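# Close look at the chain arrangement
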Protein chains: 4
Amino acid sequence: MTAHHTKYTGVIPPVVTPLTADGEIDQPSLERLVGFLLDGGVTGLFALGSSSETAYLTEDQRSRVLEIVVGANAGQVPVIAGAIETTTNRVIERGTLSKMLGADAVVATAPFYTRTHDTEIERHFRMIADAVDLPLFAYDVPVCVHSKLGTELVLKLAADGVLTGIKDSSGDDVGFRRLALGAATLPGFSVLTGHEAVVDAMLLGDADGAVPGLANVDPHGYARLVASAAAGDWTSAKTEQDRLTRLFEMVFVAKGTSGTAAGLGAFKTALMLRGIIAGNTMSAPMLALGDHEIAAIADLLDAAGLR
Amino acid sequence: MTAHHTKYTGVIPPVVTPLTADGEIDQPSLERLVGFLLDGGVTGLFALGSSSETAYLTEDQRSRVLEIVVGANAGQVPVIAGAIETTTNRVIERGTLSKMLGADAVVATAPFYTRTHDTEIERHFRMIADAVDLPLFAYDVPVCVHSKLGTELVLKLAADGVLTGIKDSSGDDVGFRRLALGAATLPGFSVLTGHEAVVDAMLLGDADGAVPGLANVDPHGYARLVASAAAGDWTSAKTEQDRLTRLFEMVFVAKGTSGTAAGLGAFKTALMLRGIIAGNTMSAPMLALGDHEIAAIADLLDAAGLR
Amino acid sequence: MTAHHTKYTGVIPPVVTPLTADGEIDQPSLERLVGFLLDGGVTGLFALGSSSETAYLTEDQRSRVLEIVVGANAGQVPVIAGAIETTTNRVIERGTLSKMLGADAVVATAPFYTRTHDTEIERHFRMIADAVDLPLFAYDVPVCVHSKLGTELVLKLAADGVLTGIKDSSGDDVGFRRLALGAATLPGFSVLTGHEAVVDAMLLGDADGAVPGLANVDPHGYARLVASAAAGDWTSAKTEQDRLTRLFEMVFVAKGTSGTAAGLGAFKTALMLRGIIAGNTMSAPMLALGDHEIAAIADLLDAAGLR
Amino acid sequence: MTAHHTKYTGVIPPVVTPLTADGEIDQPSLERLVGFLLDGGVTGLFALGSSSETAYLTEDQRSRVLEIVVGANAGQVPVIAGAIETTTNRVIERGTLSKMLGADAVVATAPFYTRTHDTEIERHFRMIADAVDLPLFAYDVPVCVHSKLGTELVLKLAADGVLTGIKDSSGDDVGFRRLALGAATLPGFSVLTGHEAVVDAMLLGDADGAVPGLANVDPHGYARLVASAAAGDWTSAKTEQDRLTRLFEMVFVAKGTSGTAAGLGAFKTALMLRGIIAGNTMSAPMLALGDHEIAAIADLLDAAGLR
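Below is a summary of the structure that appears in this document.

End to end, helix α2 (residues 59-73) of chain B covers 21 Å across 15 residues, agreeing with the expected 21 Å (1.5 Å per residue, within 8%). The set of residues buried in α2 of chain B consists of Q61, R62, S63, V65, L66, I68, V69, V70 and N73 of chain B. Where α2 of chain B is buried, its residues contact α1 (27-39), β2 (45-47), β3 (79-82) and α3 (88-100) of chain B together with α3 (88-100) of chain C.

Residue and element names in this part refer to chain D. Taken N-terminus to C-terminus, the directions of helix α1 (residues 27-39) and helix α2 (residues 59-73) make an angle of 45°; their axes are 9 Å apart at the nearest point. Viewed along their axes, α1 and α2 adopt a mutual orientation that is oblique. Remark: the crossing between α1 and α2 carries right-handed chirality. Within the contact between the two elements, α1 uses Q27, L30, E31, V34 and L38 and α2 uses R64, V65, I68, V69, A72 and N73.

This paragraph deals with the interface of chain B and chain C. Opposite the 44 residues of chain B that make contact, chain C presents 44 residues. Taking both sides of the interface into account, the surface hidden between chain B and chain C amounts to around 3,800 Å²; carbon and sulfur atoms contribute 55%. Across the contact surface, chain B and chain C share two salt bridges. Joining chain B to chain C, the criterion identifies 24 residue pairs in polar contact (both at pLDDT 80 or more).

Our next topic: the interface of chain A and chain D. On the chain D side, the residues contacting the 44 residues of chain A number 44 residues. Between the two partners, chain A and chain D, sit two salt bridges. E59 of chain A is paired through a salt bridge with R90 of chain D; the nearest N and O atoms lie 2.9 Å apart. At the junction of chain A and chain D, the tally comes to 24 residue pairs in polar contact (both at pLDDT 80 or more). Where the side of chain A that touches chain D is concerned, the elements lending two or more residues are α2 (59-73), α3 (88-100), α4 (118-131), α5 (142-145) and α11 (259-273) of chain A.

Turning to the relation of the copies chain A and chain D, a few remarks are in order. Its rotation angle being 180°, the transformation that places chain A on chain D also includes 0.0 Å of axial translation and leaves an RMSD of 0.0 Å. Classification of the inter-copy transformation places it as that of a two-fold axis. Take the interface residues of chain A: 100% of them recur as interface residues in chain D, which is what a same-surface contact looks like.

Residue and element names in this part refer to chain D. Ordered by their spatial adjacency, eight strands build an open sheet running β1-β8-β7-β6-β5-β4-β3-β2, and the pairing between neighbours is parallel. A single partner strand is all that each edge strand has here, and the edge strands are β1 (10-11) and β2 (45-47). As judged from the two bridges shared by β1 and strand β8 (residues 209-210), these two strands associate in the parallel manner. Bridge assignment links V11 to a residue of β8, and that residue is A210.

This paragraph deals with the pattern of salt bridges. One side chain can pair with another of opposite charge once the charged atoms of both are near each other. The tally for this structure, following the rule as stated, stands at 92 salt bridges over all chains. Note that D140 of chain B is salt-bridged to K148 of chain B, the shortest N-O span being 2.5 Å. Between R64 of chain C and E67 of chain C there is a salt bridge whose closest N-O contact spans 3.5 Å. With R64 of chain C and E67 of chain C both in helix α2 (residues 59-73) and three residues apart, this pair spans about one turn of that helix. Under the relative-accessibility criterion, R64 of chain C is labelled partly exposed at 35%. Each member of the salt-bridge network shares a partner with another, and the members are E59, R62, E85, R90 and R94 of chain A together with E59, R62, E85, R90 and R94 of chain D.

Evaluation of the coordinates by the stated rule reveals 18 aromatic pairs over all chains. An angle of 80° between the planes, with centres 5.0 Å apart, marks the rings of Y8 of chain A and F137 of chain A as edge-to-face. Here Y8 of chain A is found in the segment before β1 (10-11), whereas its partner F137 of chain A is found in strand β5 (residues 136-140), with 129 residues between them in sequence. No difference in accessibility class separates Y8 of chain A from F137 of chain A, as the two residues are buried. Seen from the ring of F252 of chain B, R178 of chain A lies directly overhead, with NZ or CZ sitting 3.6 Å from the centre.

A few words on the arrangement of the chains. With no contact formed, the shortest span from any C-alpha in chain A to any C-alpha in chain C equals 14 Å. At the level of C-alpha atoms, the two units chain B and chain D stay apart, their nearest approach being 14 Å.

Attention shifts here to the sheet that holds strand β8 (residues 209-210) of chain B. Residues and elements named next belong to chain B. Pairing is parallel across the open sheet formed by eight strands, whose spatial order is β1-β8-β7-β6-β5-β4-β3-β2. Both outer strands of the open sheet, β1 (10-11) and β2, are each paired with one neighbouring strand and no more. On the sheet, helix α7 (residues 173-182) packs against β6 (165-168) and β7 (190-193) and is oriented at approximately 160° with respect to β7.

Now for the packing of α4 of chain A against helix α6 (residues 151-159) of chain A. Residue and element names in this part refer to chain A. At their nearest, the axes of α4 and α6 sit 11 Å apart, and the two run at 25° to each other. Considering their axes alone, α4 and α6 lie roughly parallel with respect to each other. Regarding α4 and α6, the two cross each other, and that crossing is right-handed. Between α4 and α6, the contacting residues are D118, I121, E122, F125 and R126 on the first element and L153, K156 and L157 on the second. Looking at the contact of α4 with α6 residue by residue, the classes come out as four nonpolar, no polar and four charged.

Below, the discussion takes up the environment of G182 of chain A. Relative to the assigned elements, G182 of chain A resides in helix α7 (residues 173-182). Spatially, the C-alpha atoms of G182 of chain A and V154 of chain A are 9.8 Å apart, while their sequence positions differ by 28 residues.

Residue and element names in this part refer to chain D. The terminal C-alpha atoms of helix α9 (residues 219-230) lie 16 Å apart, and with twelve residues this matches the ideal 16 Å at 1.5 Å per residue to within 8%. If you check which residues of α9 are buried, you get P219, G221, Y222, L225, V226, S228 and A229. Looking at the packing, one finds that the buried side of α9 touches β1, α1, α8 (199-204) and α10 (234-248). One or two steps after α9, the chain reaches G232, where phi turns positive at roughly 75°.

Rules of the game
Residues numbered from 1 in each chain as written. Chains lettered and ligands numbered in written order. Predicted model: local features only at pLDDT ≥ 70, side-chain atom pairs only at ≥ 80, totals over all residues. Heavy atoms only, no water. Helix = DSSP H or I, 4+ residues; strand = E, 2+ residues; numbered from the N terminus. Expected span 1.5 Å × (residues − 1). Buried < 20%, exposed > 50% of the residue type's maximum accessible area, 1.4 Å probe, protein only. Contact = heavy atoms within 4.5 Å. Axes fitted to C-alpha atoms, helices over the stretch in contact; angles between N-to-C directions. Parallel < 35°, antiparallel > 145°, perpendicular 65-115°, else oblique. Left-handed = near helix turned anticlockwise from the far one by under 90°. Buried area = accessible area lost by both parts, 1.4 Å probe. Salt bridge = Lys/Arg side-chain N within 4 Å of Asp/Glu carboxyl O. Polar contact = N/O pair within 3.5 Å; in protein donor to acceptor, adjacent residues only side chain to side chain. Least-squares fit on C-alpha atoms with pLDDT ≥ 70 in both. Pairing = 2+ DSSP bridges. Phe/Tyr/Trp six-rings, centres within 6.5 Å; stacked < 30°, edge-to-face > 60°. Lys NZ or Arg CZ within 6 Å of the ring centre and 35° of its normal. Nonpolar A, V, L, I, M, F, W, Y, C, P; charged D, E, K, R; others polar.

Take a look at the structure:
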């Protein structure tokens, strides 16, 4: 595979990280999950993103997760590896390691924790691209990073060959549309949406693909959605999306906890209920969802025809 | 017309307020604009919304604008009147006056300026609906109000008959999709998007209609878009939307000013260039766009085939 | 009194607005409150600020409140009137009316509801100062207005004679200190803090005075605090402040409601318990504090030696 | 030293990290800086905080910085080490390493990058305190972490012996005062302010000490300020603070860059001008301040009597 020349399209799920009851990486579960996703028709795997609890994993655990995903994938689809680090040199260090571990592309956010500025964000991505010998995706996720990547900046970095694509989890659908329109003249650049509840709409608006956390739970559904859209059958795409959007309600089941624990906890719970992973343990300091939430998620799986 | 039983659909532009050079309401221009919009195929008129500079108008000017719009419309389509006031009693006062002036429905936001709470927002809408004898729309516009209406709260108020519809300018496309899905069982409730750049996508996701500021400039285009979507011709809808989204770039032309002055200033400038209104004066303390911006907007109109 | 030449110092409480059980202005209670404050040693009265529930009052009620405060004050101290309106022309209209009703100065915020810009904020204050023939205070309250007044801008407007003073409720103590330092060369300009829990500290940092909501409840305490600070007796000032800061815990008593309802509701409840006003009714859609909260506030008054 | 029983007071600067022109740790400069600070009368050293550019340093560089500071300090004052990591297990790993490297206490924030919740923040600090055998400081820095530590939560964790102290850089002076009042009954708990421009005011309000970034530049000044306050000489404390607050204007000199680059860049530039460190290089992607800014900072040093 010549990853540098791949145009990234289709369904590229951000792979969740199954944990054993004592919080270690659950290798057999992760391997089963990768197999399940590949069987479901995904066109790529995004490891070590927010949905992978990457912010909760130690450096060693991060490497372990990537090794397992790369191994289980065995070259079937490109593996995109998050290098989610506070600033430039840390991203470069992690990105370089990701290449050694077999990643086909890396994903970085703008600097976080520290206050930053557009000029520094631009320099950040340029330095990463220069230093890491892999295609580079920008990850626009203001809910985590607390700054928004500007449309003009992204298009400039794309035109200059710095960026191979963007994963947009910004919630700014107008900005996303402007980006997709602007990218129409940049044939190698991939515009991917992270919002699993509106993939049909984003595809109508020229998204190249999706990185839906919910695709961990139902990769086959997202593959059907993308196929319908590619065929111009928007009615079918929309019907599939509506079923998935109803299923997505699982992330709102848990109350009195963080959105992260509620959302990723729901995905893990659903995967446990579907028999793909062994348990729904979350990284500290988050707690796993309890019996009440598990029952509610089971009902949502039933309603979606997934049990 | 029995406004209470209307299901609001289609294109309902938030009518901009033309001003004379000395800042007074420009009645002839406003009347021409209403005629232009009706000719363009709009299905309703939203007066005294954010795009009408309602926050900049005195009480008397607000009434004057509504009178002119109601008069020029002459009953052809429903007129929805903003009652954009900080809190409940003020909304009720303005809403009651709006009915006297001929409005067919009123629009209110959550309380603003003051800190508020979900329980107070719910009580706010219930009290308005009880006191004002017109259908009530909620206006979800966090960029102005600095709180977001919760999906569950809106659906509850819709189910209870408090709300007739919602104008969503929240930028939260996932929340909008959840709302549209939840409203599927509420036949009289209208879910309207305020985001002019993604109307095709929102219609695919079951929006009932749109309140696009840009429809002031090109009502015919939005009418075609909505008609294509209604016919299931998503390719044509998307092509029309792309043209309009490129036109929408006009709101980003002005730099070093507020988003309000840049955006509404662009719409007024385009209407001036199209010969509908006499000038592009903005309310104090905003300044009108200057020659450089006017030229750039003229180019965008040319590119969109509107000159 | 030649209000234009007054240097505003000391304790200038933002007068709360007592309401009857059915939500009307309670004139006898408001008159008693003004008398209580004057007796307590206040050096000015700020009517129609956030603490007056000005955002909840209709235009007529706003005028009524100002008339009552001006009447009860009978020229004893300057009356500063809020003209808390969304934009310039509306502020000018209310400011002009305030002068007719007897105010000695007016207070305005930056534009709100609408998106704004520093250049527009500057123009806003300049236009108000030109149009309204009263000293003008800027009110910096980002929690309501959602923008922060820049230190450099305020000092420039002060140097140009546009602003007579500032009421700072920004919570930005570093900005406040920079402002106070910068104002050292502007002898007529008053820097007033709105943060009742740290008045001693702000006075140490060269605040000219305070606009503490809690001074409604204990004006005598704040007068003692200011007198101690003026005498250089910081130990006594700090001891008084500590007592008041403990009393201020009343605003955190109510849960499950807005900060406005909890805070102003506490002040009204305390005034009711002290026998100054007749009831603790709040403006719609807020609810009055209930028995549990009333009891907790009574305990705090006891602990502060105020019952 | 029995660090566990130390009450942390006085001036504890967050030590900046000098870099060579090619971005490596400048050991001789860092050693000179530690010596300069100890000579200036500081009572502790905070390494690997935000002011140390910790978010920009690789894991190895972080360890290197701590080793150098511990070595140069040679046990003279306690060394507090930041363990600024996204989540619990990562903090524990870094905290454990910090102890091995000779730190006397560790500092951790709430989880960042990920969305979190009060219940998770509480569990986070409890797990760290259980796992790391050093006194634990909470670092409240919403501008970086994007959540605010609640006053009640901090006091509860203090009462339970989980926290030894707090470094407050929240900018919430009311919350800080409530914390200091609440901590009056917790004799071993240290309340430290991070706001260098208002240390006098915070000490008046019962802060135990300060962690002022500007103390890198003028430790002697802050030591005098604290001594005056301890002696009850608030006039002298305030005079010293005013001089320092004027000096603090250096962080506003640079325009068109991030607040981090402007602020830390100013401190490094001032230390270079004072002859303590060799250069003012900043970590990528930040740029060092240029000639214009250097000249302006030199002027501020002159005005403060520091050259």
